[in-house]
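Letter by letter, the chains look like this.
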Amino acid sequence: MSRLLLLNGPNMNLLGEREPDLYGVVTLASIEERCARLAGELGHTLECFQSNAEHELIQRVQAAPGGGIGAIVVNPAAFTHSSIALRDALTAVGIPFIEVHLSNVHGREGFRRRSYFSAVAAGVISGLGPIGYELAIRAADALLRGPERN
Ligand code: DQA
């Protein structure tokens, strides 16, 4: 059993009402609930945190090793394309993380194709909508079990 952390960046609190054509109508609370249930079924606990503030996300990442977090699922939202500081926090703590995006960032504006996170992520899920978060929880479980158990 491990502790998993689900992090969401700016504007993700508006899911459900925010640009539904791009991001769908499912709320963040519902995504978090589904992920927590799945994590529980897999024998883990899930902590969820969303912030619109870069420094709060960084502080949550920095606190993760002390809190016994074994893997992180993160949608950095717009910080994906701008935040070297949040990327550095993730590499500093050395906890494996999976990058998730609801939309397919490679099929949108050019500036969304650059992610500061993808090169140091264990893996990236983009464009599959809310189920992408659940796939990431499954991937985190697989990472924690190790290659011989997959
Ligand atoms: C997003 C994609 C980002 O480009 C955007 O800034 C977001 C959401 C996604 O989940 O598709 O806020 O991360």
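This structure is a prediction, so every number in the text was calculated from the model and none was measured.

### Quick word on the pattern of salt bridges
For step 1, the next point in the chain: Inspection of every chain in the model, using the stated rule, returns 7 salt bridges.
For step 2, the next point in the chain: When the shortest N-O distance is used, the salt bridge between Glu47 and Arg3 registers 2.9 Å. With Glu47 in strand β2 (residues 45–50) and Arg3 in strand β1 (residues 3–8), this residue pair connects regions lying 44 residues apart in the sequence.
For step 3, the next point in the chain: For Arg3, a relative accessible area of 37% puts it in the partly exposed group.
For step 4, the next point in the chain: Salt bridges here are not isolated pairs; linked through shared partners, they connect Arg3, Glu47 and Arg60.

### Details of empty space enclosed by the protein
For step 1, the next point in the chain: Inspection of the entire model under this criterion finds 1 cavity of 30 Å³ or more.
For step 2, the next point in the chain: Lining the largest cavity are Thr80, His81, Glu99, His101, Val105, His106, Arg112, Arg113, Ser115, Ser118 and Val124.
For step 3, the next point in the chain: Residue classes in the lining of the largest cavity are distributed as 2 nonpolar, 6 polar and 3 charged.

### Regarding the packing of aromatic side chains
For step 1, the next point in the chain: Applying the stated rule across the entire model yields 1 aromatic pair.
For step 2, the next point in the chain: Plain terms: the ring middles of Phe97 and Phe117 are 6.5 Å apart, the flat faces sit at 85° to each other, and that makes the pair edge-to-face. Remark: Phe117 occurs in the loop between β4 (97–101) and β5 (123–126) and Phe97 occurs in strand β4; sequence separation between them is 20 residues. Like Phe97, the residue Phe117 is buried in the burial classification.

### Concerning the sheet that holds β2
For step 1, the next point in the chain: Here we have 5 strands laid out as an open sheet, ordered β2-β1-β3-β4-β5, and parallel in their pairing. Lying at the two open borders of the sheet, with one neighbouring strand each, are β2 and β5. When the angles between neighbouring strand axes are averaged without regard to direction, this sheet yields 20°.
For step 2, the next point in the chain: Note: strand β3 (residues 69–75) against β4, 3 bridges, orientation parallel. Residue Val74 lies in a different strand from β4, and its bridge partner there is Glu99.
For step 3, the next point in the chain: Each of β1 and β2 is contacted by helix α3 (residues 54–63), which is oriented at about 170° to β1, the strand it contacts most.

Each value, and the rule that gives it
Every chain's residues receive numbers from 1 upward, in the order its sequence appears when written. In keeping with the model being predicted, local features are shown solely for residues with a pLDDT of at least 70 and side-chain atom pairs are shown and tallied solely at 80 or more, while totals for entire chains, interfaces and linings include all residues. With hydrogens and water set aside, each side-chain value is computed from the structure's full complement of heavy atoms. Salt bridges, as used here, are contacts in which a Lys or Arg side-chain nitrogen is within 4 Å of a carboxyl oxygen on Asp or Glu. Each helix is a run of H or I in the DSSP string that is no shorter than four residues. Each strand is a run of E no shorter than two, and both are numbered from the N terminus. Under the scheme applied here, a residue whose accessible area is under 20% of the maximum for its type counts as buried, over 50% as exposed, and between as partly exposed, the area being computed with a 1.4 Å probe on protein chains only. Here a cavity denotes a set of grid points, spaced 1 Å apart and computed over the protein atoms alone, in which a 1.4 Å probe fits but from which it cannot get out, and a pocket denotes an open set meeting protein on both sides within 12 Å along at least five of seven lines; residues with an atom within 4 Å of a point are reported as lining. Grid points are joined across faces, edges and corners, and a volume is the space filled by probe spheres set on the points. Ten residue types, Ala, Val, Leu, Ile, Met, Phe, Trp, Tyr, Cys and Pro, are classed as nonpolar, four, Asp, Glu, Lys and Arg, as charged, and the remainder, Gly among them, as polar. Ring geometry is summarised as follows: Phe, Tyr and Trp rings, the Trp one being its six-membered ring, pair when their centres sit within 6.5 Å, and such pairs are stacked at plane angles under 30 degrees, edge-to-face over 60 and tilted between the two. Strand pairing follows a simple DSSP-based rule, namely that at least 2 bridges must link the two strands. Interaxial angles span 0 to 180 degrees and are taken between N-to-C directions of axes, which are lines fitted to C-alpha atoms, for helices over the stretch in contact. In this analysis, two residues are considered to be in contact whenever any of their non-hydrogen atoms come within 4.5 Å of each other.

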